[in-house]
Amino acid sequence: MSQVNSTATFYDYFTEKPMGDIVIRICEGASCVVNGSEDLTKVLKSKLNLEDEHTTEDGKVSVEVTYCNGHCDQSPTITVNDELHTNVDVFELGSIVKEHLK
Ligand code: FES
């Protein structure tokens, strides 16, 4: 049981809770943090009224932190339902989220 739990909680893409219809993963690897990804996380969680929880009450959007999407030279990066977005700033993040919420 311990080995199953260790595996399930080690990998970012395994979850123990149901995920929203839209899953946004913000990279907080070193390169992305240096280029502002922590601000993206704060702004998005604030807009979606997420504090400790990671999925909105209506189950539409989940926000998670991940560590390196493999495009550090184009940081900060996010994925939305596994679609990669690079060089994301707060304004672009808003546009991306709105587009997916349509
Ligand atoms: S640290 Fe974010 S893509 Fe590598």
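These numbers were taken from a predicted model, which means no experiment stands behind them.

A. How the structure looks around the sheet that holds strand S3 (residues 78-80). Taking strand neighbours across the sheet as the criterion, the four strands line up as S2-S1-S3-S4 in an open arrangement whose pairing is mixed. Only two strands of the sheet have a single partner each, and these edge strands are strand S2 (61-66) and strand S4 (83-85). The sheet shows a mean angle of 20° between the axes of neighbouring strands, direction not considered. Pairing geometry for strand S1 (residues 22-27) and S3, over three bridges, is antiparallel. By the bridge assignment for S3, Ile26 is matched with Ile78. On top of the sheet, helix H4 (residues 90-101) reaches S1, S2, S3 and S4; it is set at about 10° to S3, its chief contact.

B. How the structure looks around a negative patch on the surface. Residues Asp21, Glu51, Asp52, Glu53, Glu57 and Asp58 make up a contiguous surface patch of negative charge. Looking at the secondary structure, you find Glu51 in the loop between helix H3 (37-47) and S2.

C. A look at the pattern of salt bridges. The full count for this structure, using the stated rule, is three salt bridges. The salt bridge involving Glu64 is made with Arg25; its shortest N-O contact spans 3.2 Å. A residue pair is termed long-range when its members are at least 10 positions apart, and Glu64 in strand S2 and Arg25 in strand S1 qualify at 39 residues. For the pair shown, Glu64 and Arg25 are each scored as buried.

D. Broad picture of a nonpolar patch on the surface. Where nonpolar side chains cluster on the molecular surface, the patch consists of Phe10, Tyr11 and Phe14 and spans about 380 Å² of accessible area. With respect to the helices and strands, the residue Phe10 is situated in helix H1 (residues 2-10). Residue class for Phe10 comes out exposed when judged on its relative accessible area of 61%.

E. Local environment of the pairing of S2. The buried count for S2 comes to five of six residues, which makes it a mostly enclosed element. Note: S1 against S2, six bridges, orientation parallel. Within S2, the position partnered with Ile22 by the bridge is Val61.

F. Structural context of the packing of aromatic side chains. Following the criterion strictly, the structure yields two aromatic pairs and no others. Among the aromatic side chains, those forming a connected cluster through ring pairs are Phe10, Tyr11 and Phe14.

G. Focus on the nonpolar core. Counting residues in each nonpolar core, the largest one holds 15 residues, and the members touching the most others are Ile24, Ile26, Leu44, Val63, Ile78 and Leu93. Listed by contribution, the elements that provide at least two residues to this core are S1, H3, S2, S3 and H4. In contact with Ile78, not counting residues within four places along its chain, are Ile24, Arg25, Ile26, Leu40, Asn69, Glu83, Leu84, His85, Val88, Leu93 and Ile96.

Definitions and cut-offs
Residues numbered from 1 in each chain as written. Predicted model: local features only at pLDDT ≥ 70, side-chain atom pairs only at ≥ 80, totals over all residues. Heavy atoms only, no water. Pairing = 2+ DSSP bridges. Helix = DSSP H or I, 4+ residues; strand = E, 2+ residues; numbered from the N terminus. Axes fitted to C-alpha atoms, helices over the stretch in contact; angles between N-to-C directions. Contact = heavy atoms within 4.5 Å. Patch = residues over 30% accessible without salt bridge, like charges linked within 9 Å, V, L, I, M, F, W, Y side chains within 5 Å. Areas by Shrake-Rupley, 256 points an atom, 1.4 Å probe, with all protein chains shown as cover. Salt bridge = Lys/Arg side-chain N within 4 Å of Asp/Glu carboxyl O. Lys, Arg positive; Asp, Glu negative; His and termini not counted. Charge placed at Lys NZ, Arg CZ, Asp CG, Glu CD. Buried < 20%, exposed > 50% of the residue type's maximum accessible area, 1.4 Å probe, protein only. Phe/Tyr/Trp six-rings, centres within 6.5 Å; stacked < 30°, edge-to-face > 60°. Core = buried A, V, L, I, M, F, W, Y, C linked by side-chain atoms within 4.5 Å.

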